[in-house]
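Descriptive structure summary
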Amino acid sequence: MKADRLARTAHLHMLAIDVGFRGRGVATALVNATVDNARIRGFDVVLADATNPTSTAIFARAGFDTVNEVRYGSFAFEGAKPFAGLEELGGIKLMERRD
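First, a word on scope: everything that follows refers to the structure included in this document. Per chain, the residues get numbers from 1 upward, laid out in the order the sequence is written. It should be noted that, the model being predicted, local features are given only for residues of pLDDT at least 70 and side-chain atom pairs only at 80 or more, the latter also being counted only at that level, while totals for whole chains, interfaces and linings use all residues. As a rule here, side-chain values come from all non-hydrogen atoms in the structure, and water together with hydrogens is ignored.

Quick look at the nonpolar core
A general feature of soluble globular proteins is that nonpolar side chains tend to end up buried together. Note the following rule: Take the buried Ala, Val, Leu, Ile, Met, Phe, Trp, Tyr and Cys residues and link them wherever side-chain atoms come within 4.5 Å; each set so joined is a nonpolar core. Burial classification: accessible surface area is computed with a 1.4 Å probe over protein chains only, and a residue below 20% of its type maximum counts as buried, one above 50% as exposed, and the rest as partly exposed. Only DSSP runs of H or I with at least four residues qualify as helices, and only runs of E with at least two residues qualify as strands; both kinds are numbered from the N terminus onward.
Counting residues in hydrophobic clusters, the biggest one holds 15 residues, and the most contacted among them are Leu12, Val31, Val46, Ala48, Phe59, Phe64 and Met95. Within the residue set of this core, elements represented by two or more residues are β1 (9-12), α2 (26-40), β2 (45-50) and α3 (53-61).

Focus: the packing of α2 against α3
This is how the line gets drawn: For helices, the fitted axis covers only the stretch in contact; all axes are lines through C-alpha atoms, and the angles between them, taken along N-to-C directions, range from 0 to 180 degrees. Working rule for angles: under 35 degrees goes down as roughly parallel, over 145 as roughly antiparallel, 65 to 115 as roughly perpendicular, anything else as oblique. Each crossing gets its hand from how the near helix is turned against the far one by less than a right angle, where anticlockwise is left-handed and clockwise is right-handed. The contact criterion used is simple: two residues touch if any of their non-hydrogen atoms lie within 4.5 Å.
Contact geometry of α2 with α3 gives a least axis separation of 10 Å together with a crossing angle of 50 degrees. Of the possible angle classes, the one that applies to α2 and α3 is oblique. Classified by chirality, the crossing of α3 by α2 is right-handed. Where α2 approaches α3, its residues Ala27, Thr28 and Val31 are matched on the opposing element by Ile58, Phe59 and Arg61.

Description of the environment of Lys93
Mapping Lys93 onto the fold places it in strand β4 (residues 91-98). Spatially, the C-alpha atom of Lys93 lies 9.7 Å from that of Pro53, the residues being 40 residues apart in sequence. Leave out the neighbours within four places in its chain, and Lys93 touches Ala48, Asp49, Ala50, Thr56, Thr66, Asn68 and Glu69.

Quick look at the environment of Met14
Within the secondary structure, Met14 sits in the loop between β1 and α2. Taking the relative accessible area as the measure of exposure, Met14 reaches 67% and is therefore exposed. For the pair formed by Met14 and Lys2, sequence separation is 12 residues and the distance between their alpha carbons is 23 Å.

Focus on the side chain of Thr56
Looking at the element boundaries, Thr56 is found in helix α3. Apart from residues no more than four positions distant in its own chain, Thr56 is found in contact with Ala50, Lys93 and Met95.

A look at the pattern of salt bridges
Two side chains that carry opposite charge are able to pair once their charged atoms sit near each other. For clarity, the threshold we go by: Throughout this description, the term salt bridge denotes a Lys or Arg side-chain nitrogen within 4 Å of a carboxyl oxygen of Asp or Glu.
On inspection of all chains with the given rule, the structure shows 5 salt bridges. Note that Arg8 is salt-bridged to Asp44, the shortest N-O span being 3.0 Å. In this pair, Arg8 sits in the loop between α1 (3-7) and β1 while Asp44 sits in the loop between α2 and β2, placing the two residues 36 residues apart along the sequence. Given the relative accessible area of 32%, Arg8 is considered partly exposed.

Observations concerning the packing of aromatic side chains
The condition that has to hold: Aromatic rings from Phe, Tyr and Trp, with only the six-membered ring used for Trp, were paired whenever their centres fell within 6.5 Å, and each pair was classed as stacked if the ring planes differed by under 30 degrees, edge-to-face if by over 60, and tilted otherwise.
Under the counting rule described, the total for this entry stands at 3 aromatic pairs. Pairing Phe75 with Phe83 gives two aromatic rings, centres 5.6 Å apart and planes at 50 degrees, and the pair type is tilted. Feature note: the residues Tyr72, Phe75 and Phe83 constitute an aromatic cluster, connected by ring pairs.

With respect to a nonpolar patch on the surface
Selection criterion: Exposure above 30% relative accessible area and the lack of any salt bridge qualify a residue for a patch; like charges then connect within 9 Å, and the nonpolar side chains Val, Leu, Ile, Met, Phe, Trp and Tyr within 5 Å. Areas reported here follow the Shrake-Rupley algorithm with a probe of radius 1.4 Å; residue values treat only the protein chains shown as occluding.
Together, Phe83, Leu86 and Leu89 make up an exposed nonpolar region whose accessible area comes to about 200 Å². Considering the arrangement of structural elements, one finds Leu86 in the loop between β3 (65-71) and β4. Residue Leu86 is classed as partly exposed on the basis of its relative accessible area of 31%.

In short, shape yes, function no, at least from these values alone.
Structure representation (structure tokens):
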């Protein structure tokens with residue numbers, strides 16, 4: 001990524017909601033507030049790490065598109081498979097929203 005584009009890119013690394021508050025639109029409100037806050041501060045691209053089907057759906061509804069994906073079952077690091085057993089969750093997706 002070029003330095004000028006990187007300087008205009010905000011990155012949302014984690015989205016987590018307490019079990020007792022799920023299903024109330026809290027995640028959607030947080031994502032929308034993050035995007036609004038990024039825009040106010042001059043960022044024109046927002047990236048997000050979607051690590052499961054739920055976060056993928058939340059980001060997609062907020063206008064994010066998948067840029068890249070690494071499937072958990074195919075990821076290996078130094079010969080080890082650190083995400084073994086998580087294959088049913090798909091993988092991690094880098095998602096992007098541009099306005």
